[in-house]
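Secondary and tertiary structure notes
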Amino acid sequence: MENLQHKNLTRDILDLKNLNQYNQNYVLYYGGPVNDELIEIDFLLLESYTIAYQNTYNIEKPIVGDCLLLPDGQYVYFCHIHEKYAQTCGGGSFHLCSSGFISYSGGLDSGIQISDIELTQEKHVLPIWFNHRGYLCAGCGVNARIECRVWKTKSGADTSGIPQIERFRKQKLKEKSETITKIDGNGREYQEHLPEIVIKKMGLSEELLNKIAETTGLLFEDSHFFVPVFWSQPMKLEQIEKLKKFDQLKMTESRSFSTSEQILVFSRPDNQ
């Protein structure tokens, strides 16, 4: 996510119209003309709801819809607030109610202690939806982007409950690896960085792991991929080829649940 740019906010009727030009609440058929009168009515509601949302601000702790600036420059949203800690998410659906409160639908991460964050003067863009003409019913959603506050982590904050940090670190490692040529469904070539490697711990001796590390030059970390594993990001294709030669292991291909990127899974044949 990028820093707040006012052009991304829904500031006027035209912005709301452009964001909902195919919304069934405003067009009778796909590609049909937009009902400007209905757009104008909903924009007045959006203005009212946004003011009510800003009135729910709490300077002592975040509210649902606020942003958290992470040490690596990423932003995540707060999606559930507890007494002493707040859960975060990288996305999801935020519904702005007439009262100004925001409800969230989607996956929640463990988050961070409220004592580990502090409010900044920065603002960010929060994608929300609200009810067309104020009525909650099937297909009533109208999309908009409003301004939200930004918190930041304090020095020494425990960010272990925010998985985006670890994913970002691993992605940066992947981008340093060699690329391999692949063919897409249309027969065109494209380049892709080397896949991550995980080795299931079950049945794997320390002696064998040390031998693998010595032979391949791979650096392993404790991790979890459905079960406890050793994780590594190969930098060179030859490291993968050397690992494949260990007849004590069998390889299968899988995909990351969060990114859908390829992962090579190695395990003892009797522990598939």
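Keep in mind that what you see is a predicted model, and the values were worked out from it rather than measured. Within each chain, residue numbers correspond to sequence positions counted from 1 in written order. Under the rules for a predicted model, residues below a pLDDT of 70 receive no local features and side-chain atom pairs below 80 are neither given nor counted, while totals for whole chains, interfaces and linings still include all residues. Side-chain metrics rest on all non-hydrogen atoms present in the structure, leaving aside hydrogens and water.

**Brief notes about the overall build of the protein**
- Secondary structure elements are taken from DSSP: a helix is a run of H or I of four residues or more, a strand is a run of E of two residues or more, and numbering for both begins at the N terminus. Within the protein one finds 5 helices and 15 strands.
- Both definitions apply: the radius of gyration is a C-alpha atom measure, and the globule rule equals 2.2 Å times residues to the power 0.38. Taking 2.2 N^0.38 as the reference for a compact globule, 272 residues should give roughly 19 Å; the C-alpha atoms of the protein span a radius of gyration of 24 Å, well beyond that estimate.
- The buried label goes to any residue with under 20% of its type's maximum accessible area, the exposed label to any with over 50%, and the partly exposed label to all in between, with areas taken from a 1.4 Å probe on protein chains only. Counting the 272 residues in the protein, one finds 41% classified as buried.
- Only heavy atoms enter the contact rule, under which two residues are in contact if any of them lie within 4.5 Å. By sequence separation, contacts in the protein at least 24 residues apart represent 61% of the contacts at least 6 residues apart.
- The protein chains shown are the only cover counted for residues, whose accessible areas, like all others here, come from Shrake-Rupley with a 1.4 Å probe. Approximately 15,500 Å² of the protein is accessible, and the part contributed by carbon and sulfur atoms is 50%.
- Averaging the positions of the 29 positive and the 36 negative side-chain charges in the protein gives two centres separated by 3 Å. For the purpose of counting charges, residues Lys and Arg are taken to be positive, whereas Asp and Glu are taken to be negative. His and the chain ends are not included. Working definition for charges: the position is that of NZ of Lys, CZ of Arg, CG of Asp or CD of Glu.

**A short note on the packing of aromatic side chains**
- Pairs were defined over the aromatic rings of Phe, Tyr and Trp, the Trp ring being its six-membered one, requiring ring centres within 6.5 Å. Orientation was assigned from the angle between planes: stacked under 30 degrees, edge-to-face over 60, tilted for the rest. Evaluation of the coordinates by the stated rule reveals 6 aromatic pairs.
- Summarising the aromatic geometry, the rings of Tyr53 and Tyr57 are spaced 5.7 Å apart at their centres and angled 80° between planes, so their arrangement reads as edge-to-face.
- By relative accessible area, which is 25% here, Tyr57 ends up partly exposed.
- Ring geometry for Phe225 and Phe226: centres 4.8 Å apart, planes at 65°, overall edge-to-face.
- Under the relative-accessibility criterion, Phe226 is labelled exposed at 67%.
- Ring-pair connections join several aromatic residues into one group, and the members of that group are Tyr77, Phe94 and Tyr104.
- One residue, Arg149, lies across the ring of Tyr57, its end atom 4.4 Å from the ring centre.
- Any Lys NZ or Arg CZ found within 6 Å of a ring centre and within 35 degrees of that ring's normal is scored as a charge over the ring. Between Lys201 and the ring centre of Phe230, over which it is positioned, the NZ or CZ distance is 4.9 Å.

**A word on helix 5 (residues 237-244)**
- Here helix 5 has its buried residues at Gln239, Ile240 and Leu243. Viewed end-on, helix 5 has its buried residues packed into an arc of 100°, placing them on one side of the element.
- Elements in contact with the buried residues of helix 5: strand 11 (196-200), helix 4 (206-216) and strand 15 (262-267). By arc we mean the arc of the directions from the helix axis to the C-beta atoms, nothing more.

**A closer look at the environment of Glu207**
- Considering the arrangement of structural elements, one finds Glu207 in helix 4.
- Judged by relative accessible area, which is 67%, Glu207 ranks as exposed.
- As for Glu207 and Val227, which are separated by 20 residues in sequence, their C-alpha atoms are 20 Å apart.

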